[in-house]
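# Overview (structure and organization)
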There are 2 protein chains.
Amino acid sequence: MNPEKLAFVGGTGPEGLGLAARFAAAGHAVVIGSRSAERAQQAAATVKAKVPEAQVEGRVNQEAVEAGEIVVVTIPFAGHRDTLKTLAPAIGAKIVIDVVSPLAFAGRQMKALAVPEGSAAQQAQALLPQAAVAAAFHHLDAGSLMELEERLEADVLVCSDHAYAKLRAMALAEQIAGVRALDAGPLANSRYLEEFTALLLSLNKNYKAHTALRIVGITRAGGGPRRGGKAAPR
Amino acid sequence: MNPEKLAFVGGTGPEGLGLAARFAAAGHAVVIGSRSAERAQQAAATVKAKVPEAQVEGRVNQEAVEAGEIVVVTIPFAGHRDTLKTLAPAIGAKIVIDVVSPLAFAGRQMKALAVPEGSAAQQAQALLPQAAVAAAFHHLDAGSLMELEERLEADVLVCSDHAYAKLRAMALAEQIAGVRALDAGPLANSRYLEEFTALLLSLNKNYKAHTALRIVGITRAGGGPRRGGKAAPR
């Protein structure tokens, strides 16, 4: 896979920072976006401290998106709709990887929120009709991502209606040591991924653990998606 | 764990039959319920052929439930509400383990159906207010269950608001060779389990596989639930 320039929308939170560090370590140029240029630069400095060879910079979200080839969305769900609406012209027809799980506390448990479009990723696709949205990376523990020497033990399930976006997201996932990417079907399946995050957080709490997911029974690991979807635009 | 008499509501389908065979092999008495006494008896004969030492009989659902100590619900979702409403007096305050995933085909993909109560298991608890409902066993492959010599490689995630029902369901799960039971929190989490079945079916289709689930990162396996819930009634 050729190095790509990855833009993180809301890359200052733990999940965005962890993914940015892993992809920077894999040789990709990374632009960390934030509403605040200052916080973006601080996050970039954090990545640089972890990955001295990193090509990383911090910018406001709009500039980050303009600079990136692939846009990774790692904002809290509360800002998901408004942020993507604002960034839609800058995102255009790029590949978008949505990592957001729409969750909120209900008492002491995390609960999945209903999203009118079906899921956060489907909301992104509705707001970004030109873009090729994939949903992925919901179940990787942020703390483990930041421990760069740690080999993860996890599957990354990827949903998309665009075969080329799915392929790129799957290839990116497998650049994280120990991760296997799986084709989890059309974007409509993303809701099951997003909601399962609530279950993993519940397990984390019950067992004081940092859980991840493995799918058993698939022997043909790796490779691209098994079935179609829209072809890449020329 | 002492042998218990397990009643299957709708035990003639592949999932019910597979679980019945495994639990009969583990030494539990099993009553397979169906709307038709004849089909129930045929299913019981199928289990007996697999497990010659099985204590197994086939009865109409009502009689099966009356005979059982723990009721396992393995009917298709289409009949879930009406069947449980009819059986409510016979079920009373028993432990109910709901295995149902509310799914339907949407085109060529399985899609999770919205359930007014939140999930099939929450619907069961609403219809059976005296009962102690747990949700479990959604992700075990029916075909693999029927291969009794096959050691499964799977976690069974168990949700309930009743600690004693959760404990019993978890103990039953761990009588299936290779299965680890995990406390997946309150019954409200059952929706995430039920819906994830749609994702596993999608993976099965994409990869021509029989998938199951393992949770990575939990070292304190086995044992009971980690946190409270209602105590057993005296």
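Structure shown above.
Here is a short report on the structure shown in this document. Given the structure is predicted, the values throughout are model-derived calculations rather than measurements.

What counts and how
Residues numbered from 1 in each chain as written. Chains lettered and ligands numbered in written order. Predicted model: local features only at pLDDT ≥ 70, side-chain atom pairs only at ≥ 80, totals over all residues. Heavy atoms only, no water. Helix = DSSP H or I, 4+ residues; strand = E, 2+ residues; numbered from the N terminus. Rg over C-alpha atoms; globule rule 2.2 N^0.38 Å. Buried < 20%, exposed > 50% of the residue type's maximum accessible area, 1.4 Å probe, protein only. Contact = heavy atoms within 4.5 Å. Areas by Shrake-Rupley, 256 points an atom, 1.4 Å probe, with all protein chains shown as cover. Phe/Tyr/Trp six-rings, centres within 6.5 Å; stacked < 30°, edge-to-face > 60°. Least-squares fit on C-alpha atoms with pLDDT ≥ 70 in both. Salt bridge = Lys/Arg side-chain N within 4 Å of Asp/Glu carboxyl O. Buried area = accessible area lost by both parts, 1.4 Å probe. Polar contact = N/O pair within 3.5 Å; in protein donor to acceptor, adjacent residues only side chain to side chain. Pairing = 2+ DSSP bridges. Axes fitted to C-alpha atoms, helices over the stretch in contact; angles between N-to-C directions.

## Regarding the overall build of chain A
Tallying secondary structure elements over chain A gives eight helices and eleven strands in all. The C-alpha atoms of chain A give 16 Å as radius of gyration, which agrees with the globular expectation for 234 residues (17 Å, within 12%). By principal-axis analysis of the C-alpha atoms, chain A measures approximately 40 × 40 × 40 Å. By the burial criterion, 61% of the 234 residues in chain A qualify as buried. Considering only contacts in chain A between residues 6 or more positions apart, those separated by 24 or more positions represent 75%. Looking at chain A as shown, the accessible area adds up to about 9,100 Å², and 53% of this sits on carbon and sulfur atoms.

## A closer look at the packing of aromatic side chains
Residues and elements named next belong to chain B. This model, assessed by the stated rule, comprises three aromatic pairs over all chains. With 5.7 Å between their ring centres and 70 degrees between their planes, Phe23 and Phe137 make a pair best called edge-to-face. With a gap of 114 residues between them, Phe23 in helix α1 (residues 14-25) and Phe137 in the loop between β8 (132-135) and α6 (142-146) connect regions that are remote in the sequence. The residues Phe23 and Phe137 share a single accessibility class, namely buried.

## Looking at the relation of the copies chain B and chain A
The two copies are related by a screw operation: chain B maps onto chain A through 180 degrees of rotation and 0.0 Å of translation along the axis, at an RMSD of 0.0 Å. Read as a symmetry element, the transformation amounts to a two-fold axis. The position closest to the rotation axis in chain B is occupied by the C-alpha of B:Arg214, lying 2.5 Å away. Comparing interface residues between copies, 100% of those in chain B also sit at the interface in chain A, which points to an isologous, same-surface contact.

## With respect to the pattern of salt bridges
For the structure shown, the criterion picks out 20 salt bridges over all chains. Among the salt bridges present, the one from B:Glu117 reaches B:Arg81, with a minimum N-O distance of 2.9 Å. You can see B:Glu117 sitting in the loop between β7 (109-112) and α5 (120-127) and its partner B:Arg81 sitting in helix α4 (residues 80-91), a full 36 residues away along the chain. Given the relative accessible area of 27%, B:Arg81 is considered partly exposed. As a salt-bridge pair, B:Asp155 and B:Arg214 come within 2.7 Å of each other at their nearest N and O atoms. Residue B:Asp155 is located in strand β9 (residues 154-160), and its partner B:Arg214 is located in strand β11 (residues 212-216); the two are separated by 59 residues in the primary sequence. Neither residue differs from the other here; B:Asp155 and B:Arg214 are each classed as buried. Bridged by salt links that share partners, the residues A:Glu153, A:Asp155, A:Arg180 and A:Arg214 form one connected network.

## What to know about the interface of chain B and chain A
Counting from both sides, the interface comprises 41 residues of chain B and, opposite them, 41 residues of chain A. Of the roughly 3,600 Å² buried where chain B meets chain A, counting both sides, 57% is carbon and sulfur surface. A per-residue breakdown of the area chain B buries against chain A is headed by B:Tyr192, B:Tyr207 and B:Val216, which together make up 21% of the total. Between the two partners, chain B and chain A, sit two salt bridges. A:Glu195 is paired through a salt bridge with B:Arg191; the nearest N and O atoms lie 2.7 Å apart. Along the contact surface separating chain B from chain A lie 13 residue pairs in polar contact (both at pLDDT 80 or more). Elements supplying a minimum of two residues to the side of chain B that touches chain A: β7, β10 (179-183), α8 (190-207) and β11 of chain B.

## Section: the sheet that holds strand β5 (residues 95-98) of chain A
Pairing is mixed in the open sheet, where eight strands are placed in the order β3-β2-β1-β4-β5-β8-β9-β10 (chain A). Each edge of the sheet is formed by a strand with only one pairing partner; in this case those strands are β3 (56-60) and β10 (179-183) of chain A. Each strand axis lies, on average, 25 degrees off the axis of its neighbour in the sheet, ignoring direction. Across the face of the sheet, α8(B) comes into contact with β9 (154-160) and β10 of chain A while running at roughly 85 degrees to β10(A).

## Quick look at unusual backbone geometry
Among all residues save glycine, negative phi is the norm, and among peptide bonds the norm is trans. Residues and elements named next belong to chain B. The backbone of Phe137 shows a phi angle near 70 degrees, a positive value even though the residue is not glycine. In this structure, Lys208 takes a positive phi of about 45 degrees despite not being glycine. Examined against the element boundaries, Lys208 turns out to sit in the loop between α8 and β11. Note on Lys208: relative accessible area 73%, which makes it exposed.

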